[in-house]
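Analysis of the macromolecular model
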Amino acid sequence: MSNENTNRRHARAPLDLYINKIVGDEPRLVRTRDISESGLYLYKLLEPELEGEFVGLEMKLPNSDDVIWAVGQIVREERPEDGLAIRFVRMTAGDRKVIAEYIATAPASATAAA
């Protein structure tokens with residue numbers, strides 16, 4: 001098991017989904033790679049470095065009709081062409097529960113304890 005996985009506090013599940021990432025007042029359509037109760041990973045596409053910045057997030061998970069709204073902080077940027085690790089800093093308890101339910105229903109082999 002890698003150090004990346006041993007440092008995680010929450011299980012994560014793959015999530016191939018397009019969501020809105022809002023930077024300032026500008027929404028940008030971005031694709032996710034995976035999600036946990038504490039954050040998610042987004043692929044980048046031609047955008048400036050944003051590490052440390054806060055962004056708005058709007059998404060609808062496959063197992064829910066509810067739209068999740070959250071604020072996240074970019075905690076790590078991979079190489080410029082790769083992606084961003086985002087930690088949720090503001091979200092309702094109900095939205096966090098929707099994420100936990102999504103992760104719990106993901107195939108066991110697809111989740112990584114964290």
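Summarised in this report is the structure supplied together with it. (Residues numbered from 1 in each chain as written. Predicted model: local features only at pLDDT ≥ 70, side-chain atom pairs only at ≥ 80, totals over all residues. Heavy atoms only, no water.)

1. As for the pairing of strand 5 (residues 54–59)
Across three bridges, the pairing between strand 2 (residues 18–23) and strand 5 is antiparallel. Among the inter-strand pairings, Lys21 is bridged to a residue of strand 5, identified as Leu57. Bridging between strand 5 and strand 6 (residues 68–77) involves six bridges; their strand directions are antiparallel. Note that in strand 6 the partner of Gly56 across the bridge is Val71. (Pairing = 2+ DSSP bridges. Helix = DSSP H or I, 4+ residues; strand = E, 2+ residues; numbered from the N terminus.)

2. A few points about helix 2 (residues 93–105)
Between its first and last C-alpha atoms helix 2 spans 19 Å; for 13 residues at 1.5 Å apiece the expected length is 18 Å, and the two agree. Of the positions making up helix 2, those classed as buried are Asp95, Val98, Ile99, Tyr102 and Ile103. For helix 2, the arc enclosing every buried residue in end-on projection is 135°, short of the 170-degree limit, so these residues lie on one face. For helix 2, the exposed residues lying more than 90 degrees away from the buried face are Ala93, Lys97, Ala104 and Thr105. Check the buried side of helix 2 and you find it contacts strand 1 (12–14), strand 3 (26–36), strand 6 and strand 7 (83–91). (Expected span 1.5 Å × (residues − 1). Buried < 20%, exposed > 50% of the residue type's maximum accessible area, 1.4 Å probe, protein only. Arc of directions from axis to C-beta. Contact = heavy atoms within 4.5 Å.)

3. Structural notes on the pattern of salt bridges
One side chain can pair with another of opposite charge once the charged atoms of both are near each other. Taken as a whole and judged by the stated rule, the model has four salt bridges. Of the charged contacts, one joins Asp34 and Arg12 as a salt bridge, the two residues approaching to 3.5 Å between their closest N and O atoms. Taken as a pair, Asp34 in strand 3 and Arg12 in strand 1 lie far apart in primary sequence, 22 residues in all. For Asp34, a relative accessible area of 11% gives the class buried. The buried category is assigned to Arg12, whose relative accessible area is 13%. Residues Glu26 and Arg28 are paired through a salt bridge, measuring 3.7 Å at the closest nitrogen-oxygen approach. Judged by relative accessible area, which is 44%, Glu26 ranks as partly exposed. Of the residues examined, Arg28 reaches a relative accessible area of 22% and is grouped as partly exposed. Several salt bridges share partner residues, and in doing so they unite Arg12, Arg33 and Asp34 into one network. (Salt bridge = Lys/Arg side-chain N within 4 Å of Asp/Glu carboxyl O.)

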